[in-house]
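Chain by chain, the residues run as shown.
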Amino acid sequence: MEQLAELSYALDTFYFLMAGALVMWMAAGFAMLEAGLVRAKNTAEILTKNVALYALACIMFMFVGYNIMYPGGDYEGGFMPVISFLLGAENDAATFAAGGDDAPYYSARSDFFFQVVFVAAGMSIVSGAVAERMKLWAFLLFAAVFTSLIYPIQGFWKWGGGWLNAAGFQDFAGSGVVHMCGASAALAGVILLGARKGKYGANGSVIPIPGANMPLATLGTFILWMGWFGFNGGSQLAVANFDDANAVAAIFVNTNMAAAGGVVAALLTVRLIWGKADLTMALNGALAGLVAITAEPLAPSPLLATCIGAVGGILVVFSITSLDRMKIDDPVGAISVHGVVGVLGLMVVPLSNSDATFATQALGVGAIFAWTFITSLVVWGIIKMVFGIRVTEEEEYEGVDISECGIEAYPEFASRN
Amino acid sequence: MKLVTAIIKPFKLEEVREALSTIGVQGMTVSEVKGFGRQKGHTELYRGAEYVVDFIPKTKIEIGIDDAQLDAVIEAITGAAGSGKIGDGKIFVTELERAVRIRTNENGPTAL
């Protein structure tokens, strides 16, 4: 029996670690997607941003963020965060062997590993929206604050057992806690940053600034799609028994179906309204489908999951064009994919999960958005006042690769746009 | 001597090269350029926003030739690069004052 319990602990821990590794791989997905959708002269900088934010997120979350987000059972239903530094101890053998409800069934460190890659993913959402005109170090400064305080506090409210969780708000893998949170921070940043030069014309016209590398953007999307199996699948938090194993399988299937629905719906939408199959919209459609299902990837049937993804795919197309009409410049569509569709994902949970009501879901949407948007606005505002967040007009023209990184992503291709 | 500059559609380059080598033209310089004449641009669409692409990619060929070859060269290029459709390109002929082969210091038509 003891061996079986140990095997189960090992399997659940292993599963957590592998799922975490898949989510870590999403960092590559974001990096490639964003690199493909910005211009060549800004590619090295956005790659640097992605590598650096991932590393910074891990460190800040280890330093203080994780403990804020998961203070432990004594703070159930809580609102005020509790600050403590560095990771606690691993599970000890005695507590494990004692069994019972309080016994741990996976490694404590594996829990940190699984959570840290989520905060990195959330922060990564911001990097695409502010691309091509933000100062690198201003961004990283914000990232440090976001990953140590802003994200963990709202994460505590739901996943850490805080007041949102107690109120009945449902968010299985993070349509709200991760995606809408990241998008809210992005929106605050973009509003204070302003649009890229030359993006919006005199009479409200939108001037396209095409991305430099469609293959990278597509590769990035597929990497994110695959990583999402860890993102949603791992959020079941266990696999080593009949029910959990079946649940994980259902989650993988629904995640995949939602993405598929998103792609097809987005592609059909753009074909209908513009007569062309815009690849970048198809890619955003896949991601929108994934975000839409993330709030509840277990309960729906595969067909419902496909439909949820499809609605996300349609919504994201209109959201992207609407934001452009409002002169909110988002080079990769991050605010639409993760924010607007994140809200959708949260609001459709009651369709398949009776533990959720539209009221509690709306409460969660409001709370997470208000907290993240307002605190982000404050932090971006302070950084803007003290250091400035935007590069100079000349640096923007030359490309931030030169001004921020001193290297070019494609040094042999000479033309400048 | 004459300097013949031809702006042609990029995919016609191989045909033009072969046509020229058939009449004895030994070398050329090729560059990628963009331009437009009376052929207008086309519109492209990116995430719902339309934009007009005015400049069309073209290939520019420059060859230095002896005066005697001029008519044959023009006929060769026109035959190979022409398709009867808008955008076939143009040929410009200018006087070539001097030509030097760097390796041997030859001057004049023998340097071509």
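For the structure given in this document, a descriptive report is provided here.

Reading the values: the criteria
Residues numbered from 1 in each chain as written. Chains lettered and ligands numbered in written order. Predicted model: local features only at pLDDT ≥ 70, side-chain atom pairs only at ≥ 80, totals over all residues. Helix = DSSP H or I, 4+ residues; strand = E, 2+ residues; numbered from the N terminus. Rg over C-alpha atoms; globule rule 2.2 N^0.38 Å. Buried ≥ 20, exposed ≤ 12 C-beta atoms within 10 Å, placed from the backbone. Contact = placed C-beta atoms within 7 Å. Pairing = 2+ DSSP bridges. Axes fitted to C-alpha atoms, helices over the stretch in contact; angles between N-to-C directions. Nonpolar A, V, L, I, M, F, W, Y, C, P; charged D, E, K, R; others polar. Core = buried A, V, L, I, M, F, W, Y, C linked by C-beta atoms within 7 Å. Left-handed = near helix turned anticlockwise from the far one by under 90°. Expected span 1.5 Å × (residues − 1). Parallel < 35°, antiparallel > 145°, perpendicular 65-115°, else oblique.

What follows concerns the overall build of chain B. Counting its secondary structure elements, chain B contains 2 helices and 6 strands. Listing the helices and strands of chain B from first to last along the sequence gives β-α-β-β-β-β-α-β. Since a compact globule built from 112 residues should have a radius of gyration of about 13 Å, the 17 Å found for chain B marks it as more spread out than a globular shape. Dimensions of chain B, computed from C-alpha atoms along their principal axes, come out at roughly 60 × 30 × 20 Å. Taking all 112 residues of chain B together, 18% fall into the buried category. Sequence-distant contacts in chain B: of pairs separated by 6 or more residues, those separated by 24 or more amount to 72%.

Across its full length, chain A holds 15 helices and 0 strands. Taking the principal axes of the C-alpha coordinates as reference, chain A spans close to 70 × 45 × 40 Å. Out of the 417 residues belonging to chain A, those deemed buried represent 54%. In chain A, once contacts between residues fewer than 6 apart in sequence are set aside, the share between residues at least 24 apart is 79%.

Residues and elements named next belong to chain B. One open sheet accounts for 4 strands, arranged β2-β5-β1-β6; its pairing is antiparallel. Each of the sheet's edge strands pairs with one partner strand only, and the pair in question is β2 (29-35) and β6 (89-95). Neighbour-to-neighbour, the strand axes of the sheet open up by a mean angle of 20°, direction not taken into account. Summarising the sheet, strand β1 (residues 2-8) and strand β5 (residues 56-65) pair through 7 bridges and their orientation is antiparallel. Looking at β5, one finds that I7 is bridged to K60. With respect to the sheet, helix α2 (residues 70-81) is in contact with β1, β5 and β6, its orientation differing from that of β1 by roughly 5°.

Moving on, we come to the interface of chain B and chain A. Contacts between the two partners involve 6 residues from chain B and, on the opposite side, 11 residues from chain A. For the side of chain B that touches chain A, the secondary structure elements donating two or more residues are β3 (42-46) and β4 (49-53) of chain B. By residue class, the composition of the side of chain B that touches chain A is 4 nonpolar, 1 polar and 1 charged.

It is worth spelling out the nonpolar core at this point. Considering soluble globular proteins, one finds that nonpolar side chains tend to be buried as a cluster. In this structure, A57(A), A120(A) and A186(A) are the most contacted members of the largest nonpolar core, which totals 131 residues. Excluding residues within four positions of it along the chain, A120(A) makes contact with A27(A), L53(A), Y54(A), A57(A) and C58(A).

Attention shifts here to the packing of helix α2 (residues 43-69) of chain A against helix α5 (residues 136-158) of chain A. Residues and elements named next belong to chain A. In the contact formed by α2 and α5, the axes pass within 8 Å of each other and the chain directions differ by 35°. α2 and α5 meet at a crossing whose hand is right-handed. The class makeup of the residues in the contact of α2 with α5 is 19 nonpolar, 5 polar and 2 charged.

With that settled, consider unusual backbone geometry. Even without being glycine, L86(A) reaches a positive phi, approximately 65°. Note on placement: L86(A) falls in the loop between α2 and α3 (93-98). Even without glycine at this site, N105(B) takes up a positive phi of about 65°. With 8 C-beta atoms counted inside 10 Å, the residue N105(B) sits in the exposed group.

Residue and element names in this part refer to chain A. Residue placement: M326 occurs in the loop between α11 (302-325) and α12 (334-347). Since 7 C-beta atoms lie within 10 Å of it, M326 is described here as exposed. Distance in space between the C-alpha atoms of M326 and G204 is 8.9 Å, their sequence separation being 122 residues.

With 24 residues, α11(A) should cover 34 Å at 1.5 Å per step; its first-to-last C-alpha distance of 35 Å lies within 8% of that length. Just downstream of α11(A) lies K327(A), where phi reads positive at about 60°.

All names here are of chain A. With respect to the secondary-structure elements, E132 resides in the loop between α4 (108-129) and α5. Judged by local crowding, E132 falls into the buried class, with 24 C-beta atoms found within 10 Å. Excluding anything up to four places from it in sequence, E132 contacts V38, R39, N42, R196, P331 and V400.

Residues and elements named next belong to chain A. Interhelical geometry of helix α8 (residues 214-233) versus helix α10 (residues 279-294) gives an angle of 10° and a closest axis separation of 10 Å. With respect to each other, α8 and α10 are oriented roughly parallel. Side by side, α8 and α10 meet where M214, A217, T218, T221, L224, W225, W228 and N232 of the first sit next to L279, T280, L283, A286, L287, L290 and T294 of the second. Here the residues of the contact of α8 with α10 sort into 10 nonpolar, 5 polar and no charged.

This next bit is on the pairing of β2(B). A regular strand places its side chains on the two faces of the sheet in alternate fashion. All names here are of chain B. With 0 of 7 residues buried, β2 is to be regarded as a mostly surface element. Relative to β5, β2 is paired through 7 bridges, and the arrangement is antiparallel. Looking at β5, one finds that V30 is bridged to I61.

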